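Residues per chain, in single letters:
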Amino acid sequence: VKLLYGRSLYKQAICACQELLKFDPGQQQALKLYRKARDYYVQDKILRGKSLISKADLSGALSYFEQLFRIAPENSKIKKYLLKIQDMLKYKDLEHKKSLINSKLKNVSELWRDEKYDDLLRNCQQILLIDAKHGRAKRLIRRAQAKLAAIIEHEVVDQIIREQRALAAEYLLSNQNIVRI
């Protein structure tokens, strides 16, 4: 074990210490070497994890540091990096959501201009799926629904007027036929 530790073969030293401790759990020297080897091993692996962060491989770095945390849960550096990565992922997710919302809002502006209210409502609903508290999307939905209601009401009134005119013309035609007879 000491030889492995002396050659900086920390993973092998850890395994050897674990084997020793299985047979003699009270072996203090093996326990000390185990802890030292584990600390050096973790320190070396933290550097690799930091390189994953610098390469912007956040999900890989998170997975990597979670594995290190299982090895050394008391290590404060690992905890610090886990929190840092989680914050970075939240920020990245937030930026992605903002980008999606801005893209949808651009579409909504064009749809409003083109009076395509059904598509506008669909886009606003998608915005609300991303951010349920998005005030502008809620206001646009209300305005679009009011526009659609007005359009439908106008179409219904126009249809009623057309049907009334058709009935009136039919009535005049039948009255003229009755007068001829």
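Here we summarise the structure given alongside this text. Just so it is clear, the model here is predicted, and its values are computed rather than measured. (Residues numbered from 1 in each chain as written. Predicted model: local features only at pLDDT ≥ 70, side-chain atom pairs only at ≥ 80, totals over all residues. Heavy atoms only, no water.)

1. Quick word on the packing of helix 3 (residues 28-54) against helix 5 (residues 76-113)
Next up, step 1: It is the contact of helix 3 with helix 5, at a shortest axis distance of 11 Å, that shows an interaxial angle of 15 degrees. Put simply, helix 3 runs roughly parallel to helix 5. For the element pair helix 3 and helix 5, the recorded crossing hand is left-handed. On the side of helix 3, the interface is formed by Val42, Gln43, Ile46, Lys50 and Ile53, while helix 5 contributes Lys77, Ile78, Tyr81, Ile85 and Met88.
Next up, step 2: Within the contact of helix 3 with helix 5, the residues separate by chemical class into seven nonpolar, one polar and two charged. (Axes fitted to C-alpha atoms, helices over the stretch in contact; angles between N-to-C directions. Helix = DSSP H or I, 4+ residues; strand = E, 2+ residues; numbered from the N terminus. Parallel < 35°, antiparallel > 145°, perpendicular 65-115°, else oblique. Left-handed = near helix turned anticlockwise from the far one by under 90°. Contact = heavy atoms within 4.5 Å. Nonpolar A, V, L, I, M, F, W, Y, C, P; charged D, E, K, R; others polar.)

2. As for the pattern of salt bridges
Next up, step 1: Counted under the stated rule, the structure contains four salt bridges.
Next up, step 2: Of the charged contacts in the structure, one is a salt bridge between Lys97 and Asp93, with a shortest N-O distance of 3.6 Å. One end of the pair, Lys97, and the other, Asp93, are both in helix 5, four residues apart, so they sit about a helical turn from each other.
Next up, step 3: Put simply, Arg113 and Asp114 hold a salt bridge, and the shortest N to O gap is 3.6 Å.
Next up, step 4: Looking at Arg113, the relative accessible area reads 60%, which means it is exposed.
Next up, step 5: Residue class for Asp114 comes out partly exposed when judged on its relative accessible area of 41%. (Salt bridge = Lys/Arg side-chain N within 4 Å of Asp/Glu carboxyl O. Buried < 20%, exposed > 50% of the residue type's maximum accessible area, 1.4 Å probe, protein only.)

3. What to know about the environment of Glu163
Next up, step 1: With respect to the element layout, Glu163 can be found in helix 7 (residues 135-180).
Next up, step 2: On a C-alpha basis, the gap between Glu163 and Ile101 in space is 45 Å, while along the polypeptide they are 62 residues apart.

4. Here we look at the environment of Arg122
Next up, step 1: Along the chain, Arg122 turns up in helix 6 (residues 117-130).
Next up, step 2: As a C-alpha pair, Arg122 and Phe69 span 53 residues in sequence and 44 Å in three-dimensional space.

5. Digging into the nonpolar core
Next up, step 1: Grouped together as the largest cluster of nonpolar side chains are 15 residues, with contacts concentrated most on Val108, Leu120, Cys124 and Ile127.
Next up, step 2: Among the elements of the structure, helix 5, helix 6 and helix 7 are those that each provide at least two residues to this core.
Next up, step 3: Those residues in contact with Val108 that sit more than four places away from it in its chain are Leu120, Asn123, Cys124, Ile127 and Leu140.
Next up, step 4: Core analysis: the second largest hydrophobic core is formed by 14 residues, Val42, Tyr64, Tyr81 and Ile85 among them. (Core = buried A, V, L, I, M, F, W, Y, C linked by side-chain atoms within 4.5 Å.)

6. Things to note about a positive patch on the surface
Next up, step 1: Taken together, the side chains of Lys133, Arg136, Lys138, Arg139 and Arg142 make up a positively charged region of the molecular surface.
Next up, step 2: Residue Arg139 is classed as partly exposed on the basis of its relative accessible area, which comes to 46%. (Patch = residues over 30% accessible without salt bridge, like charges linked within 9 Å, V, L, I, M, F, W, Y side chains within 5 Å. Areas by Shrake-Rupley, 256 points an atom, 1.4 Å probe, with all protein chains shown as cover. Lys, Arg positive; Asp, Glu negative; His and termini not counted. Charge placed at Lys NZ, Arg CZ, Asp CG, Glu CD.)

Limitation: the analysis is restricted to geometry and does not speak to function.
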